[in-house]
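Read off the chains here:
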There are 2 protein chains.
Amino acid sequence: MISIADQVFEELERDILSGVYERDEILTEMKLSEQLHVSRTPIREALRRLEQEHIIEPTSKGMKVVGINREDISDICEIRLRLEGLAARWAAERANEAGIRSLRETLDLQEFYTQKQDPDSIKNADSQFHQTIYALCGSHSMQDTLEPLHRKLLKYRRVSVSTQSRAQKSLDEHRAIYEAIAAHDGEKAEKLTIAHVQNARDSILKRVIMQ
Amino acid sequence: MISIADQVFEELERDILSGVYERDEILTEMKLSEQLHVSRTPIREALRRLEQEHIIEPTSKGMKVVGINREDISDICEIRLRLEGLAARWAAERANEAGIRSLRETLDLQEFYTQKQDPDSIKNADSQFHQTIYALCGSHSMQDTLEPLHRKLLKYRRVSVSTQSRAQKSLDEHRAIYEAIAAHDGEKAEKLTIAHVQNARDSILKRVIMQ
DNA sequence: GTTTGCTTTTATGCATACAAAAAACCGGGA
DNA sequence: TCCCGGTTTTTTGTATGCATAAAAGCAAAC
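Small disclaimer: the values here were computed from a predicted structure and weren't measured.

About the cut-offs
- Residues numbered from 1 in each chain as written.
- Chains lettered and ligands numbered in written order.
- Predicted model: local features only at pLDDT ≥ 70, side-chain atom pairs only at ≥ 80, totals over all residues.
- Heavy atoms only, no water.
- Least-squares fit on C-alpha atoms with pLDDT ≥ 70 in both.
- Contact = heavy atoms within 4.5 Å.
- Helix = DSSP H or I, 4+ residues; strand = E, 2+ residues; numbered from the N terminus.
- Buried < 20%, exposed > 50% of the residue type's maximum accessible area, 1.4 Å probe, protein only.
- Lys, Arg positive; Asp, Glu negative; His and termini not counted.
- Salt bridge = Lys/Arg side-chain N within 4 Å of Asp/Glu carboxyl O.
- Polar contact = N/O pair within 3.5 Å; in protein donor to acceptor, adjacent residues only side chain to side chain.
- Expected span 1.5 Å × (residues − 1).
- Bend = angle between axes of the 7 residues up to and from the residue.
- Phe/Tyr/Trp six-rings, centres within 6.5 Å; stacked < 30°, edge-to-face > 60°.
- Lys NZ or Arg CZ within 6 Å of the ring centre and 35° of its normal.

### A word on the relation of the copies chain A and chain B
- Mapping chain A onto chain B calls for a rotation angle of 180° and an axial translation of 0.0 Å; the resulting RMSD is 0.1 Å. Taken together, the rotation and translation relating the two chain copies correspond to the operation of a two-fold axis.
- Mapped onto chain B, 100% of the interface residues of chain A again fall at the interface, so both copies present the same surface.

Pasting the structure below:
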């Protein structure tokens, strides 16, 4: 069962990172409590988690929306560049057949939506592919590290896959990574993933500049 | 002002990672509330953070202490190996004079305690050196990523620096890293830090095996 | 007109009350 | 003796109350 606090967290995180709440906007427990029709307790809990992720920060008037800026994105990409390859390697070395099958399923999903050219669903499937790798890599520390970073790129990944060429390329790269993991070829999975994250970074940063 | 919830979190994290609470022990909000003489609210908040770090996990009877195992340590070292160098590089490139001075101060502290051969204080100064670099690297994402990983090694770092030779070597390595950062030589800072983390890993893992 | 000091408002931190879900317990019947 | 039914206990999730700290507002004095 997913608690109200979790739901509030997910909703607020999504809305902050996607721009529903804009930078410097003040969020107070009381106001959110009224808006979302829940008591302050689960709101507090959600705000605390957002504060730990540094996408809001406390002020005397309430929590100020910070979100992420261009430097954050660049830094996050740089960090992912150093870790995602290792995560894929571990997934290749450690995942069992059931895990590989579930990775396959996210790939099929992404293929389907890429053909339908549905950017929002593509973005979700794309995310799910990466998050499944985090889950399969067999390290909570790795998963805990990469997941929040990945979520922070949400909005920009959406923009990135909204061009058909990038969406298709991303799918192809995922397919190759999947094959390497399914073959338990850690070396190859790592190399392919690094190249993939590099491409994703270039695609994201190119579009961020344009804004 | 540091809140009660924060204090409870720090105390519980320390006690779990240093073995005061042992693996599989059950922690309930009510019991902790009585033991620590605070209400359930700040206890809950602390437990949530510990749960997010995966050092406790929910069961129907309460939160079960998980702590970290040998594989976790190895994985964390591997992750640090890929990130700490980058953090040092960024610190070298981005830190201002005040920041470099504060790094210098932690180094002096470590030197003092190393001469006094006080393992617990050495460990703290050693930690502080790394955490200062995280703070100076100018990236919240990097800081948020490395700090929890670093804290998880607490107990093992303590063991590691309790031999005088390792303590001295660590100090020398820190000094070299400091010089590189102070000279804004990112390349060198990164290279030296990677070597340092490698040594720290070897030192930690050697002792973990012996347990 | 400005400043100082008091009052009011606002927002959070902690305590506590209540409800629901799940596990443990217990007693009677086969 | 073992199992099955309902009851009690345990534990958490959420709501709410209360205290405190800080900011804003306000009025009187200079």
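### Details of the side chain of Asp126 of chain A
All names here are of chain A.
- Among the structural elements, Asp126 can be located in helix H6 (residues 119-136).
- Look at Asp126: it is buried, it has no salt bridge, and the nearest opposite charge is Arg157 at 4.5 Å.
- Within the structure, the side chain of Asp126 is placed 2.9 Å from the side chain of Ser170, a separation counted as a polar contact.
- Those residues in contact with Asp126 that lie beyond four places of it in its chain are Gln110, Arg157, Val161, Ser170 and His174.

### Section: helix H4 (residues 70-94) of chain B
Residues and elements named next belong to chain B.
- Counted at 1.5 Å a residue, the expected span for H4 with its 25 residues is 36 Å, and the 35 Å between its end C-alpha atoms agrees.
- Leu81 marks where H4 bends most, by close to 35°.
- The buried fraction of H4 is high, at 18 of 25 residues.

### A few points about the packing of aromatic side chains
- Per the counting criterion, the structure on display carries 2 aromatic pairs over all chains.
- A centroid spacing of 5.1 Å and a plane angle of 65° characterise the contact between Phe112 of chain B and Tyr113 of chain B, whose relative ring orientation is edge-to-face.
- Across the ring face of Phe9 of chain A, the terminal group of Arg49 of chain A is positioned such that the distance to the ring centre comes to 3.8 Å.
- Its end group placed over the ring of Trp90 of chain A, Arg94 of chain A keeps NZ or CZ at 4.4 Å from the ring centre.

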